[in-house]
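Fold and contact review
The residues making up each chain are set out below.
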Amino acid sequence: DDWLALKPREPSPAQCCGSGCKPCIYDVYEKELAQWERAKAKQDKSLLTEKKGQSNNSELNPDTFTAFSVSSVEQLTEDTYQYKFELPGNSSLRLSLGQHIVLRGVVNGLEVQRAYTPISPGNAEGYFEVLIKYGELLMLAAGTGLAPMLPILQSITENEEDETFVTLVGCFRSFGNIYLKPLLQDLTRYWNIRMFYILSQESSLEKLPWSYQENTYIGRLNEDLMKTIINSCRRKPFVLLCGSSAFNEDMSRYLKAAGLEENSCFVF
């Protein structure tokens with residue numbers, strides 16, 4: 001069990017940006033898997049200490065990732081941030097004109113990498129900067145209100161350059177009433193998609209498959225739970241709402257209590 005916990009996790013297709021990065025996230029996975037297999041064969045966990053292949057200097061290597069510290073984050077617009085990374089001493093990235101770098105990090109428990117072109121001067125010393133644009137959607141759907149959400153979700157996941165974070169909250173009577181479970185579960189494999197289920201007539205989470213228990217609530221979506229979900233978002237989301245008239249009215253009231261303006265919500 002200890003060794004299985006240390007085994008590298010195979011990336012999903014959504015974690016690859018498709019830009020021909022070197023190394024690709026799949027290259028990194030294959031390298032780390034081979035390292036894990038060697039360590040396991042020798043029963044020597046110390047062989048995993050170099051698992052990430054990272055160094056702490058400014059020399060960029062196309063075969064490994066290098067660790068840098070974030071020195072500042074500045075919000076430029078509602079959904080755009082400027083990240084400044086430290087370089088040791090007065091060193092510089094020494095990139096050629098038009099070259100990009102690949103940033104890697106963990107989002108929603110998944111390792112994600114994306115290609116960015118630094119906006120700092122090529123000869124900048126001691127730092128480099130990149131622009132990262134975030135968008136966030138909160139989808140609230142009751143029953144068949146799930147239908148208009150799916151094309152939007154699929155358009156986001158099919159666009160490799162779309163970095164919109166999406167939280168889908170589906171409200172159903174019971175686990176058996178959840179529509180399109182295989183499709184929804186497949187969508188949660190994407191690094192920028194997460195889902196919550198609210199089941200009003202289930203009596204216990206223990207009756208549900210284990211893969212649903214962590215992100216499912218028993219009861220109704222009330223004002224307190226709405227605030228909890230909104231507070232878990234990275235930034236104030238734009239809300240898409242679809243359900244019965246009573247559901248839409250209740251949700252609109254909860255959203256207002258949570259501090260969201262009317263112009264931050266669209267009702268289908």
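The following paragraphs examine the structure supplied in this document. (Residues numbered from 1 in each chain as written. Predicted model: local features only at pLDDT ≥ 70, side-chain atom pairs only at ≥ 80, totals over all residues. Heavy atoms only, no water.)

This brings us to the overall build of the protein. If you tally the helices and strands in the protein, you get seven helices and 11 strands. Within the protein, the fraction of its 268 residues that count as buried is 43%. Total accessible area computed for the protein in this model is approximately 15,100 Å², and 48% of it derives from carbon and sulfur atoms. (Helix = DSSP H or I, 4+ residues; strand = E, 2+ residues; numbered from the N terminus. Buried < 20%, exposed > 50% of the residue type's maximum accessible area, 1.4 Å probe, protein only. Areas by Shrake-Rupley, 256 points an atom, 1.4 Å probe, with all protein chains shown as cover.)

Now for helix H3 (residues 149-158). Among the residues making up H3, those that are buried are Met149, Leu150, Leu153, Ile156 and Thr157. Projected down its long axis, H3 shows its buried positions confined to an angular sector of 130°, all on one face. When the buried face of H3 is taken as reference, the exposed residues oriented beyond 90 degrees from it are Pro151 and Glu158. Buried residues belonging to H3 abut strand E6 (135-142), strand E7 (164-172), helix H4 (181-187), strand E8 (193-199) and strand E10 (238-242). (Arc of directions from axis to C-beta. Contact = heavy atoms within 4.5 Å.)

With that settled, consider the side chain of threonine 167. As for its position among the elements, threonine 167 is in strand E7. Leave out the neighbours within four places in its chain, and threonine 167 touches Glu136, Leu137, Leu138, Met139, Arg194, Phe196, Ile229 and Cys233.

Quick look at helix H6 (residues 223-231) now. Among the residues making up H6, those that are buried are Leu225, Met226, Ile229 and Ile230. Along the axis of H6, the buried positions cluster into a sector of 135°, meaning they face one direction only. Opposite the packed face of H6, turned more than 90 degrees from it, sit the exposed residues Asp224 and Asn231. Considering only its buried residues, H6 is in contact with E6, E7, E8, strand E9 (216-218) and helix H7 (245-257).

As a rule of thumb, non-glycine residues mostly have phi less than zero, and peptide bonds are mostly trans rather than cis. With a phi angle near 50°, glutamine 43 is a residue other than glycine that sits in the positive phi range. Take glutamine 43: it is sitting in the loop between helix H2 (25-42) and strand E1 (70-75).

Before going further, it helps to examine the packing of aromatic side chains. If you walk through the whole model with that rule in mind, you get eight aromatic pairs. Relative to tyrosine 217, the ring of phenylalanine 196 has its centre 6.1 Å away and its plane inclined at 55°; by these criteria the two rings are tilted. Highlighted residues: phenylalanine 196 in strand E8 and tyrosine 217 in strand E9, separated in sequence by 21 residues. Among the aromatic side chains, those forming a connected cluster through ring pairs are Phe68, Phe85 and Phe128. The ring of tryptophan 3 has lysine 45 sitting right over it, with the charged end atom 5.8 Å from the ring centre. Directly above the aromatic system of phenylalanine 165 lies the positively charged group of arginine 234, at a separation of 3.8 Å from the ring centroid. (Phe/Tyr/Trp six-rings, centres within 6.5 Å; stacked < 30°, edge-to-face > 60°. Lys NZ or Arg CZ within 6 Å of the ring centre and 35° of its normal.)

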